[in-house]
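# Understanding the architecture of this molecule
The residues making up each chain are set out below.
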Amino acid sequence: MLSRIDKILAGNGLGSRNDIKRLLRTENFSVNGKRITDPGTLIDIEKDSIARNGEPVTLRTRYYLMLNKPAGVVTSTDDPLHDTVMQLLPPPFSAMKLFPIGRLDIDTEGLLIITNDGTLTHRITSPKSACVKSYYLETAEPFNTEALIQAQSLCAKGLELKHGFVCLPAQFERTEPQHIKTEWAFLMHICEGKYHQVKKMLHALGNEVVYLKRVAMGGVSLDPELGSGDCRELTGAEVAQLQRTGGI
Ligand code: URA
């Protein structure tokens, strides 16, 4: 596929489109051995070889980041009122046209995958996708043993939410508390992503979520080394795992 060289180089973190325009004038960029200065030059990154001052440039077109989203920022590329998750990305990623896969609420923390791979995003977020998302949550009230068994059975069958929507089967289990807000800690594993889904599920179970953090998605777990607000690129194995997971 043919694309403009300024777009490709900007997408590879060499700067903004204006920076690239300047770079093409001040440095020696060549395509298949021929110097180019026009930012609109069309190239095929599969076939053409690009060099910068005589050194081959390896181009990538796809980027995959794992962000540990903090509370207080919105999952959006742009928002008039709040800081967005995109503002947390460091250079060169901040200059790329990336977007989050799916959404976390403003008060939800944890794993958010950010990419420019529209095909993967579509597969993972498609209603037909079997992509499992796991959430650590703390509740306002405890579940006694009987209530927990009942809740687990309802989730496994397909929990009916307050307005009649029936969820796909989900798995609900007790887990080790991190004592962020309360001592009542659980994991919820769901394979769909309706608006406020986990909060609505807990509400339908007669309880309330007071803390929510996504800890895994599509078989990729949040890196425990990643501080709140930090991001890193996914490893090749993590990308391969996601590629296998999305879509059925
Ligand atoms: N479910 C919710 O209720 N909120 C989120 O942010 C994600 C899942």
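Before reading on, note that the structure itself is shown above.
Residues numbered from 1 in each chain as written. Predicted model: local features only at pLDDT ≥ 70, side-chain atom pairs only at ≥ 80, totals over all residues. Heavy atoms only, no water.

All right, on to the overall build of the chain then. Each helix and strand counted, the chain has six helices and 15 strands in total. Principal axes of the C-alpha set define a box for the chain whose edges measure 75 × 35 × 30 Å. A fraction of 64% describes how many contacts in the chain between residues 6 or more apart in sequence connect residues 24 or more apart. (Helix = DSSP H or I, 4+ residues; strand = E, 2+ residues; numbered from the N terminus. Contact = heavy atoms within 4.5 Å.)

The subject of this paragraph is unusual backbone geometry. Among all residues save glycine, negative phi is the norm, and among peptide bonds the norm is trans. Cis rather than trans, the peptide bond between Pro91 and Pro92 has omega equal to 0°. Considering the arrangement of structural elements, one finds Pro92 in the loop between strand 7 (64-69) and strand 8 (99-100). For Asn53, which is not a glycine, the phi torsion comes out positive at approximately 50°. Examined against the element boundaries, Asn53 turns out to sit in the loop between strand 5 (50-52) and strand 6 (55-56). Asn53 gets classed as partly exposed once you look at its relative accessible area, which sits at 45%. Even without being glycine, His179 reaches a positive phi, approximately 55°. (Buried < 20%, exposed > 50% of the residue type's maximum accessible area, 1.4 Å probe, protein only.)

What follows covers the environment of Glu192. Topologically, Glu192 is positioned in the loop between strand 12 (185-190) and helix 5 (197-204). The class for Glu192 is buried, based on a relative accessible area of 9%. Setting aside anything within four residues of it in sequence, one finds Glu192 in contact with Lys133, Phe165, Cys167, Leu168 and Gln197. Polar contacts involving the side chain of Glu192 include one to the main-chain amide nitrogen of Leu168, which spans 2.6 Å. (Polar contact = N/O pair within 3.5 Å; in protein donor to acceptor, adjacent residues only side chain to side chain.)

One face of the sheet, then the other: side chains in a regular strand alternate in exactly this way. In terms of burial, strand 12 is largely enclosed, as six of its six residues are buried. The side-chain alternation of strand 12 yields two buried faces, one formed by Ala185, Leu187 and His189 and the other by Phe186, Met188 and Ile190. As paired elements, strand 10 (residues 133-139) and strand 12 share six bridges and run antiparallel to each other. Bridge pairing in strand 12 links Ser134 to His189. (Pairing = 2+ DSSP bridges.)

Further remarks concern the pattern of salt bridges. One pass over the full model with this rule turns up ten salt bridges. A salt bridge links Glu27 to Arg52; the shortest N-O distance between them is 2.8 Å. Of this pair, Glu27 sits in the loop between helix 2 (17-26) and strand 2 (29-31) while Arg52 is found in strand 5, placing the two residues 25 residues apart along the sequence. Assessed through its relative accessible area of 29%, Arg52 is described here as partly exposed. (Salt bridge = Lys/Arg side-chain N within 4 Å of Asp/Glu carboxyl O.)

Limitation: the analysis is restricted to geometry and does not speak to function.
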